[in-house]
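Each chain, written out:
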Amino acid sequence: MLFRSYLVICPLFGVTNKDIQLVGQEMKDGQLLNHLQSTGSWNPDISRMALADLSSLNVRPDVKVLDLWAKPDGTPVSATFSGTNTAANGTKLVDIEVTYTFSQVGFPQTIDVPSNSPIPSPTK
């Protein structure tokens, strides 16, 4: 298996080689993919992973897991981040789940130049 975890994953998830491990190969959406999962040493920026500012949360996730599915050549296909904190009685205090889907990885992308005339925001 060719997988360069630092080069492929780190820019988005902040994962290095020591932060991720191979779970095994799985069939997902008709493709044989490598399933990787974060280790206990991974310490993500929760706000970045959840795509929202969570800095004001009184209770933080105490369990943080990143599952990543990649092609045998290391190209990422999808990922799921979950962050949870559960009380002793089983009540979920924090329950975050975000799914990422990757497409056109490694292909050049076009970024359109903004027009000179900004579009005003709608008014109430």
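Each chain has its residues counted from 1, following the order in which its sequence is written. Predicted model: local features are reported for residues with pLDDT of at least 70 only, side-chain atom pairs are reported and counted for 80 or more only, and whole-chain, interface and lining totals are derived from all residues. Based on all heavy atoms of the structure, the side-chain values leave hydrogens and waters out of the count.

(A) Region of the structure containing the sheet that holds strand β2 (residues 31-38). The sheet built from five strands is open, its strands ordered β1-β2-β3-β4-β5 with antiparallel pairing. Strands at the two margins of the open sheet, each flanked by one partner only, are β1 (20-28) and β5 (92-101). Across the sheet, the axes of successive neighbouring strands diverge by a mean angle of 20°, strand direction being ignored. Pairing between strands is defined by DSSP: at least two bridges between the two strands are required. Where helices and strands are cited, they refer to DSSP runs of H or I of at least four residues and of E of at least two residues respectively, numbered from the N terminus. The pairing of strand β3 (residues 63-70) with strand β4 (residues 76-86) spans eight bridges and is classified as antiparallel. Each bridged residue has a counterpart across the sheet, and for Val65 the counterpart in β4 is Ser82. To get an axis, a line is fitted to the C-alpha atoms, and for a helix only the part in contact is used. The angle between two axes follows their N-to-C directions and goes from 0 to 180 degrees.

(B) Highlighting the side chain of Asp67. Among the structural elements, Asp67 can be located in strand β3. Within the buried core, Asp67 has no salt-bridge partner, and the shortest N-O distance to an opposite charge, that of Lys28, equals 8.7 Å. At 2.7 Å, the side chain of Asp67 forms a polar contact with the side chain of Gln37. Every residue pair with non-hydrogen atoms within 4.5 Å of one another is taken to be in contact. Setting aside anything within four residues of it in sequence, one finds Asp67 in contact with His35, Leu36, Gln37, Ser78, Ala79 and Thr80. The rule is simple: take the accessible area with a 1.4 Å probe, protein chains only, and divide by the maximum for that residue type; under 20% is buried, over 50% is exposed, in between is partly exposed. Residues scored as positive are Lys and Arg, those scored as negative are Asp and Glu, and His as well as the terminal groups of each chain are ignored. Whenever a carboxyl oxygen of Asp or Glu lies within 4 Å of a side-chain nitrogen of Lys or Arg, that contact is scored as a salt bridge. Two N or O atoms count as a polar contact when they lie within 3.5 Å, although within protein this holds only if one can serve as hydrogen donor and the other as acceptor, and sequence-adjacent residues are included solely when both atoms are side-chain atoms.

(C) Representation of the pairing of β2 within the structure. Summarising the sheet, β1 and β2 pair through eight bridges and their orientation is antiparallel. Across the sheet, Gln21 pairs through a bridge with Gln37, a residue of β2. Hairpin connection from β1 to β2: two residues lie between these consecutive antiparallel strands, with Asp29 at a positive phi of about 55°. Strand direction decides the pairing type here: β2 and β3, joined by four bridges, are antiparallel.

(D) Up close: unusual backbone geometry. Even without glycine at this site, Asp29 takes up a positive phi of about 55°. Residue position: Asp29 is located in the loop between β1 and β2. One non-glycine residue, Gln104, lies in positive phi territory at about 55°.

(E) Inspection of the nonpolar core at higher detail. Working definition of a nonpolar core: buried Ala, Val, Leu, Ile, Met, Phe, Trp, Tyr and Cys residues. They are joined through side-chain atoms within 4.5 Å. Ranked by size, the top nonpolar core spans 18 residues in total, and within it Phe13, Met49, Leu66, Phe81, Ile96 and Tyr100 carry the most contacts. Those elements that place two or more of their residues in this core are α2 (46-50), β3, β4 and β5. Considering every element that reaches this core, the biggest residue donor is β5, with four residues. Ignoring any residue separated from it by four or fewer positions in sequence, one finds Ile96 in contact with Ile46, Ala50, Leu54, Pro61, Phe81, Ser82 and Gly83.

(F) Expanded view of the pairing of β5. Alignment of β4 against β5, held across nine bridges, turns out to be antiparallel. In the sheet register, Gly83 faces β5, and the bridge partner there is Ile96. In sequence, β4 turns back onto β5 through a hairpin of five residues, with Gly90 there showing a positive phi of about 95°.

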